[in-house]
Amino acid sequence: MKSRVIKVKKLAARDAWNHYLAHVLAVKDASFIFIKSVSKLPYKSLTPLFIELEDRNCGICLREVKAEYGSYNCLKQNCNFVVHVNCAIRNKDLYCVIDPEDQIELANENSEIEESSITCVMEKNECGDAVKIKHFSHEEHCLMLGNKINGDDADDDKRCDGCMEFIIKDSSFYYCLQCDFILHKSCTALPRRKYLWFRQSLATLKSSGLFYCNKCLRLCSGFYYDYGMYTTDCLRCARISHILRYEGHEHPLFFDFDFRGECNACGAACLNGAFKCKDCTNFALDYACITLPQATRHKCDPHFLKLTFHDQSKDAEQDLCDICEEERDPNSWFYHCAVCDNSAHQKCALGKYPFIKPKIGTTLPWWCHGHRHPDLIFVRTFYDTCNECGGPCQDVAVRCKYPECNYIAHYNH
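Now for a description of the structure that goes with this document. (Residues numbered from 1 in each chain as written. Predicted model: local features only at pLDDT ≥ 70, side-chain atom pairs only at ≥ 80, totals over all residues. Heavy atoms only, no water.)

### So, the pattern of salt bridges
When their charged atoms lie close together, side chains carrying opposite charge are able to pair.
Move 1: One pass over the full model with this rule turns up 10 salt bridges.
Move 2: For Asp 226, the salt bridge is made with Lys 206, and the minimal N-O distance between the two is 3.2 Å. With Asp 226 in strand E19 (residues 223–226) and Lys 206 in strand E16 (residues 203–207), this residue pair connects regions lying 20 residues apart in the sequence.
Move 3: Here Lys 206 falls in the partly exposed class, since its relative accessible area comes to 32%.
Move 4: Note that Arg 380 is salt-bridged to Asp 395, the shortest N-O span being 2.4 Å. Taken together, the residues Arg 380 in strand E32 (residues 376–381) and Asp 395 in strand E33 (residues 395–400) connect sequence positions 15 residues apart. (Salt bridge = Lys/Arg side-chain N within 4 Å of Asp/Glu carboxyl O. Helix = DSSP H or I, 4+ residues; strand = E, 2+ residues; numbered from the N terminus. Buried < 20%, exposed > 50% of the residue type's maximum accessible area, 1.4 Å probe, protein only.)

Here you go:
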């Protein structure tokens, strides 16, 4: 049988950032597999090798791989990655057939251009940590390393300008001395260019205003990976691996591109695949729910509200949202404060746009609102009344740019 060589995306599980490496694999027969492995990282040896394939779990669907049916396997040293033949070639966007004559050239190609998001390290401490840096997303000012701002509890309300999630107290971050720009330490160290497991093309890390994420289908701000042709993935979605363990479920999950059903967390239809459990056939999560923040803030409660997966209460009155005061589905995920016993729908606790950090003077895209005029700008106000709900607009709101129009509204309701 003639061996077939393909390049597929594969997770390097030992990598703390869950980076994906590109491998080239070949399948031959039932009991032995002829494998020529070419990582797109620099590789010194391309020697063909016969190895005996033991029964293992598929690195894509997590189900057992039986040697008698053949498989694709990786030759990279200490890498046990193996996949079913059908899983490897099911999605045309995740593999391409490699001409054997091109394998040597591919081996010498780098999978990522080693370009750091930190453009300049200006100062280090005695431990070698960079304490003063320049970052591509905030070139106008320097960023300083810290783990507490101003020494008060207001730190809990700070959100990272990269991933848009809260800065947890006592965690490390970089902050600007001249403005309110702030980043998790982990968000400063991202590669500017990288391959993600769900695409063949190289993605570039960018930060520019508001954008629409192709995975979680949310309006976002902060960092995103761009593939060109208006294809962008937010940082939260880009960090998710194709196989993972999630706190809300006991078994590992894998991403199934073909799944069409309901998300167990919110009940929405999964139109572009979902993360499925191989053991529980009826459990699936969409990108929007699997990237939900584990904790969030809301003015209804002085504490963080924690993401909760199961409602243990048998009291029907407890199935009410303490924000909108409407009924909650006890089977859907919700946010809860154990101290105050407050519970809320996801959408009520997070708001309409949980992952944007509006900058005063910037524009809310026309396709995000229903106002008759296209240009709504973010403003800071304390005395105006919302034209949508009638409540007071406090802090950040959106106002119509047309002078003859007095429209103003909460942006996150």
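Still to come is the rest of the account.
### Here we look at the sheet that holds strand E30 (residues 342–345)
Move 1: Spatially, E27-E28-E29-E30 is the arrangement adopted by the 4 strands of the open sheet, whose pairing is antiparallel. Where the open sheet ends on each side, the last strands, each with one partner, are strand E27 (295–298) and E30. When the angles between neighbouring strand axes are averaged without regard to direction, this sheet yields 30°.
Move 2: Pairing between strand E28 (residues 301–308) and strand E29 (residues 334–337): 3 bridges, direction antiparallel. (Pairing = 2+ DSSP bridges. Axes fitted to C-alpha atoms, helices over the stretch in contact; angles between N-to-C directions.)

### What about the packing of aromatic side chains?
Move 1: Applying the stated criterion across every chain yields a total of 14 aromatic pairs.
Move 2: Summarising the aromatic geometry, the rings of Phe 166 and Phe 304 are spaced 5.6 Å apart at their centres and angled 80° between planes, so their arrangement reads as edge-to-face. With Phe 166 in the loop between strand E12 (143–146) and strand E13 (173–176) and Phe 304 in strand E28, this pair connects stretches of sequence that are 138 residues apart.
Move 3: Phe 166 gets classed as buried once you look at its relative accessible area, which sits at 17%.
Move 4: Plain terms: the ring middles of Trp 197 and Phe 257 are 5.9 Å apart, the flat faces sit at 65° to each other, and that makes the pair edge-to-face. Remark: Phe 257 occurs in the loop between strand E22 (253–256) and strand E23 (261–262) and Trp 197 occurs in the loop between strand E15 (193–194) and E16; sequence separation between them is 60 residues.
Move 5: Among the aromatic side chains, those forming a connected cluster through ring pairs are Trp 197, Phe 255, Phe 257, Phe 275 and Tyr 287. (Phe/Tyr/Trp six-rings, centres within 6.5 Å; stacked < 30°, edge-to-face > 60°.)

### A short note on the sheet that holds strand E31 (residues 363–364)
Move 1: Across the sheet, which stays open at both edges, the 4 strands sit in the order E31-E32-E33-E34 with antiparallel pairing between neighbours. This sheet does not close on itself; its edge strands, each paired only once, are E31 and strand E34 (408–409).
Move 2: Relative to E34, E33 is paired through 2 bridges, and the arrangement is antiparallel. By the bridge assignment, Arg 399 is partnered in E34 with Ile 408.

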